[in-house]
Amino acid sequence: AGRTGVLAFTMEGKPVWKTEVGDGVHEWGTATSVVLHKGLVIVNASVESGRIVALDKADGKEVWHFDGIKRSWSTPVIAKSSEGRAPPSESK
């Protein structure tokens, strides 16, 4: 993530897709890791757009997002809620 966006490459280094997740910047940069979960690439884009964004691993298209994340440098964590629900893995 970051000003460049999120990019996917083959194991041979060939570009597959590129997706923008916002245009915000911070003097410290972004520096979080993406999380792969059930066909999604989950990105902490708090610096760029104040969101957590889930992208389709195959084509980089946004599947879902969650707004209201302010300046976080933490890597997202997948956890089930107390009701046993996990994050969505498909678009609705």
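None of the values given here were measured: they were computed from a predicted structure. (Residues numbered from 1 in each chain as written. Predicted model: local features only at pLDDT ≥ 70, side-chain atom pairs only at ≥ 80, totals over all residues. Heavy atoms only, no water.)

**Q** Pulling in residues and values, what's your account of the overall build of the chain?
**A** Regarding its fold elements, the chain presents 1 helix and 6 strands. Starting at the N terminus and walking to the C terminus, you meet the elements of the chain as β-β-β-β-α-β-β. For the chain, the proportion of its 92 residues judged to be buried stands at 36%. A separation of at least 24 residues holds for 42% of the contacts in the chain among residues at least 6 apart in sequence. A total of about 6200 Å² of accessible surface is found on the chain, and carbon and sulfur atoms cover 53% of it. (Helix = DSSP H or I, 4+ residues; strand = E, 2+ residues; numbered from the N terminus. Buried < 20%, exposed > 50% of the residue type's maximum accessible area, 1.4 Å probe, protein only. Contact = heavy atoms within 4.5 Å. Areas by Shrake-Rupley, 256 points an atom, 1.4 Å probe, with all protein chains shown as cover.)

**Q** Would you mind going over the sheet that holds strand β6 (residues 62-67) in detail, with residue names and values included?
**A** Reading across the sheet, the 4 strands line up as β3-β4-β5-β6 and stay open at both edges, with antiparallel pairing between neighbours. In this open sheet, the two strands that pair with only one neighbour each are β3 (35-37) and β6. Averaged over neighbouring strand pairs, the angle between their axes works out to 20° when direction is ignored. As defined by bridge partners, β3 adjoins strand β4 (residues 40-45) across 3 bridges and the pair is classed as antiparallel. Bridge pairing in β4 links H37 to L40. (Pairing = 2+ DSSP bridges. Axes fitted to C-alpha atoms, helices over the stretch in contact; angles between N-to-C directions.)

**Q** Quick rundown of the side chain of H37? Include the residues and the values.
**A** Among the secondary structure elements, H37 is positioned in strand β3. Its relative accessible area of 14% is what places H37 among the buried residues.

**Q** Could you give an account of the pattern of salt bridges, with specific residues and numbers?
**A** Counted according to the given criterion, the structure contains 2 salt bridges. Close ionic contact of K18 with E20 constitutes a salt bridge, the shortest N to O distance being 3.6 Å. On the basis of relative accessible area, E20 is assigned to the partly exposed category, the value being 47%. Note that E62 is salt-bridged to R51, the shortest N-O span being 3.3 Å. Placement of E62 in strand β6 and of R51 in strand β5 (residues 51-56) is noted, with a sequence separation of 11 residues between them. Its relative accessible area of 15% is what places R51 among the buried residues. (Salt bridge = Lys/Arg side-chain N within 4 Å of Asp/Glu carboxyl O.)

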